[in-house]
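Geometric and topological summary
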Amino acid sequence: MHFFLASLLLTGCGWFSSRADGPVEHEGRPSNGRVKPEKPDKRERGGGGEGGKLLPTEIFVPQEAPCGPWKRPGAYLYPFMYEGERTEVALFIGDSGPTRDLVFVLHGGGGGAASILKQSRFHTKAREEGFVTVAPQGRTLSEIGTRWNTGKFDGKTDEHLRPGEEMRDDVDYLDKLAKALRRDLCASSVTAVGFSSGGQMTHTWACKGEEVDAIVSAAGELLVGDYTCGRQVPVLGLVGTRDDVYTRGPDENDPTQPSAPETVRMWAKTNGCSKT
């Protein structure tokens, strides 16, 4: 894992890989690309992450000296306040030190922390490879389930939000969460890995945020707004060639939005890569 992170962080160019698997059904979105509302994710809790009970129950307590070997590797819930709202983030701390690599794992639309951990097994990889898996959760909305604020619903949120609901600024949320974890875990790097809507969020975070050092996006695209990506971020993009996002952007009614391969080509240009 350390070799993977080092190679990804040292390579400034956007990478792209495709597979002919598919069609792929994303969390909360059938293979025709339309959003399918789902019930909010049921947070299974109970123990260390085996037998389907993936989310921990033990509350994280910072070490007196975080920059050193972690005395109690394991699974924890990290309480994090954001704009008056208490969120709980699943942490899986491998045997590591003196500094640690953080890997944020972002779920797809309508999913949650438990579902992406079950799919990716990053909680077990943290233990095996000696890094920290961070599994935050998007905000749950009544009409569309759990969602990251990737920019997809900008300008048309009224049709998706009930009175009193609002989209969270997830770039700011993830930036502030990463800063807090860098402090409490003496972390030296932050990599974000995401699937579908979570893959979109990795691109948006890298483009508009400050704390993420590298991203891996599976079946995700950057939603282009009235901004440009102001910094270079190493990117690894993965998508099946029969997936909808291989040929078009995230909004079928907006042809200006880039597909997944076009997104990585945009990053390659931002990162100053050659065409070869």
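Before reading on, note that the structure itself is shown above.
First things first, this report covers the structure right here in the doc. (Residues numbered from 1 in each chain as written. Predicted model: local features only at pLDDT ≥ 70, side-chain atom pairs only at ≥ 80, totals over all residues. Heavy atoms only, no water.)

Section: the state of the cysteines
The full count for this structure, using the stated rule, is two disulfides. The residue that forms a disulfide with cysteine 67 is cysteine 186, at a sulfur-sulfur distance of 1.9 Å. Around the S-S axis, the bridge from cysteine 67 to cysteine 186 shows a dihedral of about 95° and counts as right-handed. Placement of cysteine 67 in the loop between strand 1 (14–19) and strand 2 (74–82) and of cysteine 186 in the loop between helix 4 (170–185) and strand 8 (187–195) is noted, with a sequence separation of 119 residues between them. The side chain of cysteine 207 participates in a disulfide bridge whose partner is cysteine 229; the two sulfur atoms lie 2.1 Å from each other. A torsion of -105° about the S-S bond marks the disulfide between cysteine 207 and cysteine 229 as left-handed. Of this pair, cysteine 207 sits in helix 5 (residues 197–208) while cysteine 229 sits in the loop between strand 9 (214–218) and strand 10 (235–240); the two residues are 22 residues apart in sequence, bridging distant segments of the chain. By relative accessible area, cysteine 207 is classed as buried at 6%. Taking relative accessible area as the criterion, cysteine 229 reaches 19% and is therefore assigned buried. (Disulfide = S-S within 2.5 Å. Helix = DSSP H or I, 4+ residues; strand = E, 2+ residues; numbered from the N terminus. Buried < 20%, exposed > 50% of the residue type's maximum accessible area, 1.4 Å probe, protein only.)

Some details on unusual backbone geometry
Here the amide bond leading from glycine 97 into proline 98 is cis, since omega sits at 5°, within 30 degrees of zero. Here proline 98 is to be found in the loop between strand 3 (85–93) and strand 4 (100–106). The backbone of glutamate 83 shows a phi angle near 50°, a positive value even though the residue is not glycine. Relative to the assigned elements, glutamate 83 resides in the loop between strand 2 and strand 3.

Digging into helix 6 (residues 260–270)
Every buried residue belonging to helix 6 is among Ala260, Pro261, Thr263, Val264, Trp267 and Ala268, and all of these are buried. Burial along helix 6 is one-sided: seen end-on, the buried residues are contained in an arc of 160°. Pointing more than 90 degrees away from the buried face of helix 6 are the exposed residues Arg265 and Lys269. The positive-phi residue at the C-terminal boundary of helix 6 is glycine 272, with phi of around 75°. (Arc of directions from axis to C-beta.)

Description of the nonpolar core
Counting 38 residues, the largest nonpolar core has Tyr78, Leu102, Phe104, Leu181, Leu185 and Trp205 as its most contacted members. Counting only elements with at least two residues in this core, the list comes to strand 2, strand 3, strand 4, strand 5 (132–135), helix 4, strand 8, helix 5 and helix 6. Sort the elements by how many residues they give to this core and helix 4 lands first, with eight residues. In this structure tryptophan 205 touches Phe104, Val171, Leu174, Asp175, Ala178, Val190, Ala192, Glu211 and Val212, once residues within four positions along its chain are discounted. (Core = buried A, V, L, I, M, F, W, Y, C linked by side-chain atoms within 4.5 Å. Contact = heavy atoms within 4.5 Å.)

Focus: the packing of aromatic side chains
In this structure the tally under the stated criterion is seven aromatic pairs. Relative to tryptophan 70, the ring of phenylalanine 60 has its centre 5.9 Å away and its plane inclined at 15°; by these criteria the two rings are stacked. With a gap of 10 residues between them, phenylalanine 60 in the loop between strand 1 and strand 2 and tryptophan 70 in the loop between strand 1 and strand 2 connect regions that are remote in the sequence. Comparing phenylalanine 60 with tryptophan 70, the two get one shared label, buried. Ring plane angle 80° and centroid distance 5.4 Å describe the contact between tyrosine 82 and tyrosine 173, whose orientation is recorded as edge-to-face. (Phe/Tyr/Trp six-rings, centres within 6.5 Å; stacked < 30°, edge-to-face > 60°.)

Interpretation in functional terms is not warranted from these geometric data alone.
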